[in-house]
Amino acid sequence: MASEAKGEAGDGRPEGRVPSDPVRDIAAAWERERPGTPVASIGIVTSIWQLAKLFGDDRRRTLARAGVDTATLDLLSVLRRSGPPYTLSTREIGRRCMVTAGAVSQRVARAEREDLVVRRPAQGRPRTVEVTLTATGHEVVEATVDQVLHREAELLDGLDADKQEQLTELLRGLLRDVQHRLGDDRLTHVGQE
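Residues numbered from 1 in each chain as written. Predicted model: local features only at pLDDT ≥ 70, side-chain atom pairs only at ≥ 80, totals over all residues. Heavy atoms only, no water.

Participant: Hey, could you go over the pairing of strand S2 (residues 117–122) for me, with residue numbers and the actual values?
Facilitator: Across 6 bridges, S2 lies against strand S3 (residues 125–133) in antiparallel orientation. Within S3, the position partnered with Arg120 by the bridge is Glu130. Hairpin connection of S2 to S3: 2 residues between the antiparallel strands, including Gly124 at a positive phi of 80°. (Pairing = 2+ DSSP bridges. Helix = DSSP H or I, 4+ residues; strand = E, 2+ residues; numbered from the N terminus.)

This is the structure we're talking about:
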């Protein structure tokens with residue numbers, strides 16, 4: 001190949017040159033400027049934050065192409081995963097979506113305007129509101145979840161199945177340990193208070 005004949009790797013970089021790693025560069029700069037500063041966490045925490053941003057941005061783009069916003073997909077997905085008759089109380093939706101009652105109310109109102117859900121008082125419990133997925137909502141969530149999950153599977157293709165399982169277990173253990181250390185077992189969306 002012509003580029004290899006010029007002493008370049010197949011990707012255009014000079015052979016033997018290691019690509020820049022911004023996360024490693026940050027840790028090295030802190031070590032240089034503040035010797036003894038514990039920097040081991042930077043490689044993990046900064047990478048997780050960057051991945052969360054990349055995955056979140058890519059999911060928003062995928063959803064925009066599908067014509068669905070993140071909050072609506074979250075609502076529809078929670079209802080769909082609940083199984084037939086795809087009905088939950090607004091309180092349970094808030095718990096499963098990890099959002100406030102006000103956020104649930106806004107999501108349900110928007111989805112109801114689009115004929116994706118219907119809400120009504122619970123039978124025998126007049127202060128409880130139940131939300132049910134409509135046939136249209138069912139179609140939307142089926143198509144959208146397929147698009148999102150196929151796209152995310154593509155993004156993880158760089159890791160074989162064994163490495164994906166290892167990473168899943170490592171992240172699960174890290175999450176539980178950090179929750180325990182912080183005394184906070186709530187699960188929220190990235191950047192949410």
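There's plenty left to go through after this.
Participant: Any details on the confidence of the model for the protein? Residues and values, ideally.
Facilitator: For residues with low pLDDT, the predicted coordinates do not support detailed interpretation. Put simply, the protein has an average pLDDT of 88, and 87% of its residues get 70 or more. Throughout residues 1–9 the model reports pLDDT below 50, and contacts reaching past four residues in sequence, or to other chains, amount to 11 contacts. (pLDDT = per-residue confidence, 0-100. Contact = heavy atoms within 4.5 Å.)

Participant: Lay out the pattern of salt bridges with the relevant residues and their values.
Facilitator: For the structure shown, the criterion picks out 17 salt bridges. A salt bridge links Asp57 to Arg60; the shortest N-O distance between them is 2.6 Å. One end of the pair is Asp57 and the other is Arg60, both in helix H3 (residues 40–66) and 3 residues apart, which spans about a single turn. With its nearest N and O atoms 2.9 Å apart, the salt bridge here joins Arg119 to Glu112. Residue class for Glu112 comes out partly exposed when judged on its relative accessible area of 30%. Sharing partners across several salt bridges, the network here consists of Asp58, Arg61, Arg151 and Glu154. (Salt bridge = Lys/Arg side-chain N within 4 Å of Asp/Glu carboxyl O. Buried < 20%, exposed > 50% of the residue type's maximum accessible area, 1.4 Å probe, protein only.)

Participant: Quick one: what's the story with a nonpolar patch on the surface, residue by residue and with numbers?
Facilitator: The grouping of Ile44, Val45, Ile48, Trp49, Leu167, Leu170, Leu171, Leu174, Val178 and Leu182 at the surface amounts to a nonpolar patch, some 930 Å² of accessible area in total. Secondary-structure elements contributing two or more residues to the nonpolar patch are H3 and helix H8 (161–182). Looking at the secondary structure, you find Leu171 in helix H8. In this structure Leu171 comes out as partly exposed when scored by relative accessible area, which is 40%. (Patch = residues over 30% accessible without salt bridge, like charges linked within 9 Å, V, L, I, M, F, W, Y side chains within 5 Å. Areas by Shrake-Rupley, 256 points an atom, 1.4 Å probe, with all protein chains shown as cover.)

Participant: Tell me about H8, and name the residues and values.
Facilitator: In a regular helix each residue adds 1.5 Å, so 22 residues correspond to 32 Å; H8 covers 31 Å between its end C-alpha atoms and thus fits that length. For H8, the side-chain oxygen to backbone nitrogen distance between the N-cap and Asp162 is 3.1 Å, and the N-cap itself is Asp160. Following H8 by one or two positions, Gly183 adopts a phi angle in the positive range, close to 65°. (Expected span 1.5 Å × (residues − 1). Polar contact = N/O pair within 3.5 Å; in protein donor to acceptor, adjacent residues only side chain to side chain.)

Participant: Before we move on, can you summarise the packing of H3 against helix H7 (residues 135–155) with the specific residues and values?
Facilitator: Interhelical geometry of H3 versus H7 gives an angle of 145° and a closest axis separation of 10 Å. Judged by the sense of rotation from one axis to the other, the crossing of H3 with H7 is right-handed. Together, Phe55, Asp58, Arg59, Thr62, Leu63 and Ala66 of H3 and Thr144, Gln147, Val148, Arg151, Glu152 and Leu155 of H7 make up the contact between the two elements. Classifying every residue of the contact of H3 with H7 gives 5 nonpolar, 3 polar and 4 charged. (Axes fitted to C-alpha atoms, helices over the stretch in contact; angles between N-to-C directions. Left-handed = near helix turned anticlockwise from the far one by under 90°. Nonpolar A, V, L, I, M, F, W, Y, C, P; charged D, E, K, R; others polar.)

Participant: Before we move on, can you summarise helix H2 (residues 22–33) with the specific residues and values?
Facilitator: Under the 1.5 Å per step criterion, the end-to-end length of H2 is 16 Å for 12 residues, consistent within 8% with the ideal 16 Å. Sitting at the head of H2, Asp21 places a side-chain oxygen 3.1 Å from the backbone nitrogen of Val23.

Participant: How would you sum up the nonpolar core? Please name residues and give values.
Facilitator: Among the nonpolar cores identified, the biggest contains 21 residues, and Leu75, Leu79, Ile93 and Val117 are the most heavily contacted of them. Elements supplying a minimum of two residues to this core: helix H4 (70–81), helix H5 (90–97), helix H6 (101–113), S3 and H7. Of the residues forming this core, the biggest block, 5 residues, is contributed by H4. (Core = buried A, V, L, I, M, F, W, Y, C linked by side-chain atoms within 4.5 Å.)

Participant: Give a description of the environment of Val104 that names residues and reports values.
Facilitator: Tracing the sequence through the fold places Val104 in helix H6. In this structure the C-alpha to C-alpha distance between Val104 and Thr90, which are 14 residues apart in sequence, comes to 6.7 Å. Excluding residues that lie within four positions of it along the chain, Val104 makes contacts with Thr90, Ile93, Gly94 and Val99.

Participant: Before we move on, could you go through the sheet that holds strand S1 (residues 87–89) and cite the residues and values that matter?
Facilitator: Strand order in the open sheet made by the 3 strands is S1-S3-S2, with antiparallel pairing throughout. Looking at strand neighbours, the two that pair on one side only are S1 and S2, the edges of this open sheet. Put simply, the sheet's adjacent strands are angled 30° from each other on average, direction ignored. The sheet contact formed by S1 and S3 spans 3 bridges and is antiparallel. Along S3, the bridge assignment pairs Ser89 with Glu130. This element, H6, spans S2 and S3 of the sheet and lies at about 125° to S2.

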